[in-house]
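Here is what each chain is made of, one letter per residue.
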Amino acid sequence: MCAQRTTSSDSTSKHGLILLGNSGVGKSFLGNVILGRDVFEHECSSGSVTHETEFEDYAVGNASYAVFNIPGLIEADQEAVDRNKTEIYKAFQQRPNSVVAYVFTGGSGGRIRDEDVVGFKAISAAYNFQPDSLLLIVNDLPLNRSPKYEGETAIKLEGLVNIPSVRICFLDRITKTELRSSERVGSANSNASEKKHVVDKLEKKLLGAKNMLKQYSASIEKRAPSLGKFLHPSQKQTEREKMRQKLIEGIIQCTPQVHEKHAEIQLTVDELKNLTEESKKAQQKMEQEL
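Residues numbered from 1 in each chain as written. Predicted model: local features only at pLDDT ≥ 70, side-chain atom pairs only at ≥ 80, totals over all residues. Heavy atoms only, no water.

1. Regarding the nonpolar core
Here's step 1: Ranked by size, the top nonpolar core spans 42 residues in total, and within it Leu20, Phe104, Phe120, Ile123, Phe129 and Leu136 carry the most contacts.
Here's step 2: A total of seven residues in this core trace back to one element, the largest contributor, which is helix 3 (residues 114–127).
Here's step 3: With 27 residues, the next largest nonpolar core counts Leu30, Cys169, Met243 and Ile248 among its residues. (Core = buried A, V, L, I, M, F, W, Y, C linked by side-chain atoms within 4.5 Å. Buried < 20%, exposed > 50% of the residue type's maximum accessible area, 1.4 Å probe, protein only. Helix = DSSP H or I, 4+ residues; strand = E, 2+ residues; numbered from the N terminus.)

Structure (structure tokens):
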């Protein structure tokens, strides 16, 4: 059964934002960052945390998206892989008109994992992903990476996934302090809808207060321009806020498109080793060429 945090009857979103990627790449965490609140469960684990498809409505400007959190495709046993295929199918059935965001991890010193490439190519072959509705995310990158890293990796990724001019979003590694502040989702999930209602009411009140303050500040600034710098102090963005801004900028540049399944997702545990080896050789060849 598909676990829906927003019921179909309550959902107002016509478009989907479908977060794909293997277990451990940070899909649940990135989903929470996009939403601006902790909704999807995530934790450090050797196995997958997400086992069923779930989504939450989110408005970006004039558009509204159902943000999907989906289990990773690749697992150690075939039964789990087949179960995850079914969950991926469910998301596209519910929101065929969608933006697809596929997450790669750059946690191994910035190197793209071969199993992430294999997972992407298997799903892309089934749904024929197009660059206009696709965002590739390289997550958990070390801060001390080379200035040439993003340019070289963009060229390499385009070749590996065989999609020219694809949008790529590079995300810095979040520090442990900020990660801890976001890991309070466990008990909160049980009454998420109630908390969301309270948060929405608070946001409306805050918006009204901010508008009043803005008008008051403009009035004072008009009469005393020299006070302007005190009325508009610079605020340092947190790491999560910077990440959220970067993600949303990437999403709104994409155009939702209808994704129809042209074939089944072809991936078995037995062939995974060979496919990973092929990807590794392709990466090595591209690195030599670069």
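2. Notes on the pairing of strand 1 (residues 15–20)
Here's step 1: Among the six residues of strand 1, five are classified as buried, and the element is accordingly described as predominantly covered.
Here's step 2: Both strand 1 and strand 4 (residues 97–105) contribute to a ladder of five bridges, which runs parallel. Residue Ile18 lies in a different strand from strand 4, and its bridge partner there is Val100. (Pairing = 2+ DSSP bridges.)

3. Digging into the pattern of salt bridges
Here's step 1: With the rule as written, the count across this model stands at 12 salt bridges.
Here's step 2: A salt bridge links Glu150 to Arg145; its shortest N-O distance comes to 3.0 Å.
Here's step 3: Owing to a relative accessible area of 31%, Glu150 belongs among the partly exposed residues under this scheme. (Salt bridge = Lys/Arg side-chain N within 4 Å of Asp/Glu carboxyl O.)

4. Notes on the packing of aromatic side chains
Here's step 1: This model, assessed by the stated rule, comprises eight aromatic pairs.
Here's step 2: Centre to centre, the rings of Phe92 and Tyr127 are 4.1 Å apart; their planes meet at 25°, and the pair counts as stacked. With a gap of 35 residues between them, Phe92 in helix 2 (residues 78–94) and Tyr127 in helix 3 connect regions that are remote in the sequence. This pair shows no difference in class: Phe92 is buried, exactly as Tyr127 is.
Here's step 3: Seen from their ring centres, Phe104 and Phe120 are 6.3 Å apart, and the 35° between their planes marks the pair as tilted. Taken together, the positions of Phe104 in strand 4 and Phe120 in helix 3 put the pair 16 residues apart, joining distant regions of the chain. Phe120 shares its class with Phe104; the two are buried.
Here's step 4: Ring pairing ties together the aromatic residues Phe92, Tyr102, Phe104, Phe120, Tyr127 and Phe129, which thus form one cluster.
Here's step 5: The residue whose ring lies beneath Arg95 is Phe55, and the NZ or CZ to ring-centre distance is 5.4 Å. (Phe/Tyr/Trp six-rings, centres within 6.5 Å; stacked < 30°, edge-to-face > 60°. Lys NZ or Arg CZ within 6 Å of the ring centre and 35° of its normal.)

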